[in-house]
Amino acid sequence: CCNPGRKDRQGRQPNEHILPADTVRNKPANEQAAQSNTSLDILIEKFEDSDRGTWQNPDLVLAKPGDLQGKIVADLGSGTGYFTFRIARKASKVIALDIEQRFLEYIEDRKLDLPPAIANKIETRLTPEDTPNLQPGEADVVFMVNVYYYLDERVEYMKKVKTALKPDGLLVLVDFKEGEMAVGPIEDKVPLARVISDLRKSGFTIVDADNESLQYQYIISAK
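Residues numbered from 1 in each chain as written. Predicted model: local features only at pLDDT ≥ 70, side-chain atom pairs only at ≥ 80, totals over all residues. Heavy atoms only, no water.

With that settled, consider helix α8 (residues 154-164). Among the residues of α8, Tyr157, Met158, Val161 and Ala164 are the ones counted as buried. Buried residues in α8, looked at end-on, bunch into an arc of 105°, giving them a common side. Its buried side turned inward, α8 meets β1 (72-76), β4 (139-145), β5 (165-176) and α9 (192-201). (Buried < 20%, exposed > 50% of the residue type's maximum accessible area, 1.4 Å probe, protein only. Helix = DSSP H or I, 4+ residues; strand = E, 2+ residues; numbered from the N terminus. Arc of directions from axis to C-beta. Contact = heavy atoms within 4.5 Å.)

Next up, the structure:
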C-alpha cells in the first residue's frame, strides 16, 4: 500500500516510486529479492513519502466504511503501517497483517511512541502469501490497499477474506487503474471490471465501485 514500483523504458528505477510494501502478494522472484535486499530505512523513507498523501488520499479511503468506532479492522498487507496507524485512531482494534516480519517489527517499534490507548489497539500478525490468516468472522472491516495486483489464485484468496468478515462486514479494496500513470505498476494491472467479477465469484456483493475519487486508483466496497 505504498509508493508502487515503476521503471522507465530503459529499465531505470525512479527515486520516488518503488515496489509497494503492502505485500500480501506473490511477487516475481526477482522483485521479491530486490525488496528483501533493500535496507529497511530506505524502504520506510520511500513508503512513507509525503506525496502519497496526495494521490492515495487516505482520509477519503478510510471514510468508505463509515464510522469505525467499536469495530475490528484488518489491514491486510499493512507494510509499514501507513493505514494501520490511521485506523487505530478510529477503530477499537486493528490487525496489521503482512508477509514480511521486518515491517511488522517496524510497526511494533512505532507503537512505543504512541499513547497506550492507541498502541494497545494494534496487533501485528505474520501471514502466508496464500491466506489472510484471519479467523472466521474475525473482522468487521478488511482493508486491502495496493495488494490485489500481486495476489495469485485471486478468487480462492478472496473467498478466505470473505470468510474472515463478520456477516455484516465490509471489504474495502483499493488498487491501480489501467493505463500508464505517474504511480503504480506499468503492466498487468487488474482492471476494475475483472476485480468486480472476481469478488462476485468469491461470494461478495458489490456495494460501491468508485472509479472517480482517486486519480490513479479505484475503490471497491463489497459485502
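There is more to say after this.
Relative to the helices and strands, glutamine 101 is located in helix α6 (residues 101-111). Counting along the chain gives 24 residues from glutamine 101 to arginine 125, while the straight-line C-alpha distance between them is 8.6 Å.

Taken as a class, soluble globular proteins show a tendency for nonpolar side chains to be buried jointly. Membership of the largest hydrophobic core comes to 27 residues, with the highest contact counts inside it found for Val142, Met144, Met158, Val161 and Leu171. Broken down by secondary-structure element, the contributors of at least two residues to this core are β1, β2 (93-98), β4, α8, β5, α9 and β7 (217-222). Apart from the residues within four sequence positions on either side, methionine 144 is in contact with Leu76, Leu151, Tyr157, Met158, Val161, Leu171, Val172, Leu173 and Val174. Among the nonpolar cores identified, the runner-up in size contains 25 residues, and Val61, Ile107, Phe143 and Leu214 belong to it. (Core = buried A, V, L, I, M, F, W, Y, C linked by side-chain atoms within 4.5 Å.)

The next thing to look at is the sheet that holds β1. Taken together, the seven strands give an open sheet; going across it, the order is β3-β2-β1-β4-β5-β7-β6, and neighbouring strands pair in mixed fashion. The open sheet is flanked by β3 (122-126) and β6 (206-210), the only strands paired with a single partner. Here the average twist between neighbouring strands, direction ignored, is 15°. Pairing analysis gives three bridges linking β1 to β4, with the strands arranged parallel. Directly across from alanine 74, in β4, lies its bridge partner valine 142. Against the sheet, α8 makes contact with β1, β4 and β5, and its axis sits at roughly 140° relative to β5, the strand it touches most. Its contacts with the sheet place α9 against β5, β6 and β7, and it is angled at close to 20° to β7. (Pairing = 2+ DSSP bridges. Axes fitted to C-alpha atoms, helices over the stretch in contact; angles between N-to-C directions.)

With that settled, consider the pairing of β4. Burial within β4 is extensive, with seven of its seven residues counted as buried. Judged from the six bridges that link them, β4 and β5 form a sheet pairing that is parallel. For phenylalanine 143, the partnering residue across the bridge sits in β5 and is valine 172. This β-α-β element, β4 to α8 to β5, shows right-handed connectivity. (Right-handed = clockwise from strand over helix to strand, strands pointing away.)

Our next topic: the pattern of salt bridges. Pairs can form between side chains of opposite charge once their charged atoms are near each other. Inspection of every chain in the model, using the stated rule, returns nine salt bridges. The shortest N-O distance in the salt bridge between aspartate 208 and lysine 64 comes to 3.7 Å. Placement of the pair is aspartate 208 in strand β6 and lysine 64 in the loop between α4 (58-63) and β1, with a sequence separation of 144 residues. Here aspartate 208 falls in the partly exposed class, since its relative accessible area comes to 33%. One salt-bridge network, in which partners are shared between bridges, spans Lys93, Glu123, Arg125 and Glu138. (Salt bridge = Lys/Arg side-chain N within 4 Å of Asp/Glu carboxyl O.)

To continue, consider the packing of aromatic side chains. For the structure shown, the criterion picks out three aromatic pairs. Aromatic side chains tyrosine 82 and phenylalanine 83 sit 5.4 Å apart centroid to centroid with 70° between the ring planes, which places their arrangement in the edge-to-face category. Summarising the burial analysis for this pair, tyrosine 82 and phenylalanine 83 share the class buried. Ring plane angle 85° and centroid distance 4.4 Å describe the contact between tyrosine 149 and tyrosine 150, whose orientation is recorded as edge-to-face. Like tyrosine 150, tyrosine 149 is buried. For arginine 86, the ring lying beneath its charged end belongs to tyrosine 82, and the centroid distance is 4.1 Å. (Phe/Tyr/Trp six-rings, centres within 6.5 Å; stacked < 30°, edge-to-face > 60°. Lys NZ or Arg CZ within 6 Å of the ring centre and 35° of its normal.)

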